[in-house]
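Residues per chain are reported as follows:
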Amino acid sequence: MKPLFSIRLVFIALALGLLLAISLSLSLGPVAMSLDTPWRVLLSRLGLPLLVEPQAQLIIEQIRLPRTLLGLAAGGVLALCGVAMQGLFRNPLADPGLIGVSSGAALGAALMIVLGAGLGGLAPEWSPYLLSASAFAGGLLVTSVVYRLGRKQGRVDVATMLLAGVALAALAGALIGLLQYLADDATLRTLTFWNLGSLNGASYSRLWPLLAIALLVLVSLPRSASALNALLLGESEARHLGVDVERLKRRLILLTALGVGAAVAACGMIGFVGLVVPHLMRLLLGPDHRTLIPASMLAGASLLLLADVLARLLVAPAEMPIGVLTALIGAPFFLYLLVRGRSHA
Amino acid sequence: MRRNTLLAMALGLLINPAQAAERLISVGGAVSEWLVALGGEQHLVAVDSTSRHPLSLTALPNVGYQRNLTAEGILALQPDALIGTEEMGPPPVLAQLKGAGVNLYTLSSAPSLPTLEANLAQLGALLGREAEAQAQYQAFQAQLAQLEQQLSQQSSQPGVLLLLSHAGGNPMVAGTDTAGDWLIKLAGGHNLASHEGYKPMTSEALLALAPQVLVVTDRALTGAKARAALLEQQPALAATPAGLAQRLPVIDPTLLVGGVSPRVPKAVAELAQAFYPALQLPSSTLAGSAP
C-alpha cells in the first residue's frame, strides 16, 4: 500500500498532536483555570517567583499530571503492543487480547475484587495496589500458558498459539462470569466499572510500575523493527534473511504481556487503542515498522489523552467511560482513512 | 484564605460538632433523602446519580455514580464536605479529595435501625440539627414499632418472594442480607428465599417455593406496568399462589439500594397491608412522614 501522506509530514503532525494533547490534558478539567496555569506551576517549581494559587497547584500536580502521565504511558504502550501483535500474527486484525493478556488481567482483577469482598473487604488503602498486582499477574500467567501451548518441538506455532489464546480467553471469560454470579451486588458494580477502564484516580505511587515498563517497551520494541519487516514476508523467508524468528516471537510476546498487563493493571480495560491505532498508522504510513512503531506510540498516547480530556469534561462533575470515547474519536477517523485509501487504490 | 476557613472548620468540628458545614455533596440515595428531610437541602451543591428523591435533587449537578467519583469534578464544586456511605469510591479518588482538604463522612448503608440511628446522629451533628435528627429517628422507629405491634396480633405469616427486574428482564430474587429481605421482615412476611444476596431463579424454582405474595420491583418500570412486564417475561408466575390471587404489590426499587430511606415506614406499611389484607392501618401510617 502506498503511503497517503509524506512520512515527515505525518510525524510533524503526530508530534504536534501529542504536545497539544499533553497541554490540553494539563489545562482542561472541571475546575476552570486559565490555560497558562500549568506552565506557571511548572515555572514556579523551577524556582521562578510566580504567584500560583495553592488549589490550582494541587489540582495540576496531584490530579492532572499523574493522570496525564498515566494516559501517555498506557496509550503509548497499548498502541506499541498492538503493532507487535499485528506484526507477529501478520494480521492487521490482531490485537493484544489474542495472546490472552487482557482476559488474564481481567480475570486476575475479578478474582481479587470478588475474593477480597468475600474475605470481608480489602483494606481501602491497599486494594488499588492488590488489584493492579493481581491483574498484572493474571495477564502474565495466562499469556505464559498460551505461549507454552503454542510451542511445538522448540518452535512457536503462531496459528496454534492464536487458537490457544482464543480458548483461554473463553475460559477466562467463563471464570469471570462465574465470579460475577458469586459476587454480591456491590462487588458486581465495582467489577463493571473496572472493566470499563478509566484514568480516574491516578496517583504517582501506582504510576511508576507502568512508567518503568512503558519505558522498557519503548526502548526494546524499535530494535525489532527490521526483524518485524522481514517477518512480513513470512516465517521461513525471515529465517533466510537471518532473523532469529523464535527469539523475535519470544521478545514480542514477553513485551506485550508486560506492557498490556501493566496498562490494564493501572487503568482497567481500555479497548480500541491497541487494535486500531497501529492499523490507522499503517494506512497513513505504509507497513514499514521503522516508522510504524514510533508513529503508533505517538498516536496511541495522543488518542488516549484526548479521549480522557473529553471523558472528564463532557458530563462534569461526573465522568464518561474512556473506552467509549477512544472508539468514538478513533472509529470515524479510521473509517475515513479506509474509504479514502480505497478510492486512491 | 480558603485553606484557613477549612482548617477553622475542621477544628470547629473537632471542638464543637454543632458547627454547620456550608457546602455539601451528598453521595447515596438514602443519605441525600435524609439530608433533605433534616432541612439541609440548601447546603447541597451536588448529589450522585443514585440520589433521585425528592425530585428537586435531580436539578443539582450530578457527580456520577457513587463508586466512580472523580476528584477534580468534585473539587470544582468547592465542597466543604462529602457525605456518603461505604459504597463511595474508588479509594484513590477519596484519598485525593482528603488530600485536597475535603472532609469525608462515611456512613453505613446497612439496613438496620441501629445503623440508621448512628447515621442520623452524625448527619444531625453535621447540619447542627441534632434535636431534629433525633426526633426524626424516633418518629421513624415509632411508626415501625406501632406496625410491629399490630402485626404481632396477626396469624398465618405469608410466604413472600421479592423480585427485582429490569423492564421485565430476568428477575433477581432478594435473599438473605439484602434490603429487600429486611423490608419483607419489617412488614411481617416470611422470605422464602434462603440464598445470600440477589440471585436469578428459574421459573420452576419459583413455582416450587409457592409464594403467597410476590413483591414486584422494577428498575425501569413502575406500578402496574412493572407487574405486567414481569408476568409477560415469566408466565409461570401467574400459576403461583401469589399470581392466582393477584397478590403482587409493587415497591420502588430505590428503597433497596444505598441504605435506609425515610420512605421506609410508608413502604413497609403498604407491604404489610398487602401481606395482611385484614390489617386495619391508621391512615397516618400509610401517609408516612416522608418529605
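The shown structure was predicted, so the numbers you read here are calculated from the model rather than taken from an experiment.

Here is what the cut-offs are and how they apply
Residues numbered from 1 in each chain as written. Chains lettered and ligands numbered in written order. Predicted model: local features only at pLDDT ≥ 70, side-chain atom pairs only at ≥ 80, totals over all residues. Heavy atoms only, no water. UniProt positions renumbered as here; feature names shortened; annotations may be inferred. Helix = DSSP H or I, 4+ residues; strand = E, 2+ residues; numbered from the N terminus. pLDDT = per-residue confidence, 0-100. Contact = heavy atoms within 4.5 Å. Pairing = 2+ DSSP bridges. Axes fitted to C-alpha atoms, helices over the stretch in contact; angles between N-to-C directions. Buried < 20%, exposed > 50% of the residue type's maximum accessible area, 1.4 Å probe, protein only. Buried area = accessible area lost by both parts, 1.4 Å probe. Salt bridge = Lys/Arg side-chain N within 4 Å of Asp/Glu carboxyl O. Polar contact = N/O pair within 3.5 Å; in protein donor to acceptor, adjacent residues only side chain to side chain. Nonpolar A, V, L, I, M, F, W, Y, C, P; charged D, E, K, R; others polar.

Q: How would you explain the UniProt feature "transmembrane region" (unreviewed entry) in chain A if you had to name every residue and give the values?
A: In the numbering adopted here, UniProt assigns the feature "transmembrane region" (unreviewed entry) to residues 69–89, 101–123, 129–149, 161–183, 207–232, 252–277, 297–315 and 322–339 of chain A. As a span, residues 322–339 of chain A carries 100% helix and 0% strand, and end to end its C-alpha atoms are 26 Å apart.

Q: How would you explain the confidence of the model for chain B if you had to name every residue and give the values?
A: It should be kept in mind that the predicted coordinates are not to be read in detail where pLDDT is low. All names here are of chain B. Counting all residues, the mean pLDDT for chain B is 86, and 89% of those residues have values of 70 or more. Ignoring residues within four places in sequence, the model shows residues 8–19, a span with pLDDT below 50, making 16 contacts including any to other chains. The complex prediction reports pTM at 0.82, with the ipTM value standing at 0.77.

Q: Got a sec to walk through the sheet that holds strand 4 (residues 103–107) of chain B? Specific residues and values, please.
A: All names here are of chain B. Pairing in this open sheet of four strands is parallel, and the strands run 2-1-3-4 from one edge to the other. In the strand order of this sheet, the two ends are held by strand 2 (44–47) and strand 4, each with one partner. Across the sheet, the mean angle from the axis of one strand to that of its neighbour is 20°, orientation sign disregarded. One ladder, built from three bridges, connects strand 1 (residues 24–26) with strand 3 (residues 81–85); its direction is parallel. When the sheet's bridge partners are listed, S26 is paired in strand 3 with I83.

Q: Go over the side chain of Q86 of chain A with me, naming the residues and quoting the values.
A: Residues and elements named next belong to chain A. Within the element layout of this structure, Q86 appears in helix 3 (residues 54–88). By relative accessible area, which is 2% here, Q86 ends up buried. The residues contacting Q86, other than those within four sequence positions of it, are N91, P92, A94, G274, L275, P278, H279 and R282.

Q: Got a sec to walk through the interface of chain A and chain B? Specific residues and values, please.
A: In this complex, chain A contributes 29 residues to the contact, which on the side of chain B involves 29 residues. Summed over the three residues of chain A that lose the most area to chain B, namely R189, F193 and P317 of chain A, the buried surface amounts to 25% of that side. Between the two partners, chain A and chain B, sit one salt bridge. R64 of chain A serves as the salt-bridge partner of E72 of chain B, at 2.4 Å between the closest nitrogen and oxygen. Seen at the junction of chain A and chain B, the total is eight residue pairs in polar contact (both at pLDDT 80 or more). Mapped by element, the contributors of at least two residues to the side of chain A that touches chain B are helix 3, helix 5 (127–149), helix 6 (158–182) and helix 7 (185–196) of chain A. It is helix 3 of chain A that contributes the most residues to the side of chain A that touches chain B, six residues altogether. Of the residues assigned to the side of chain A that touches chain B, the class counts are 16 nonpolar, seven polar and six charged.

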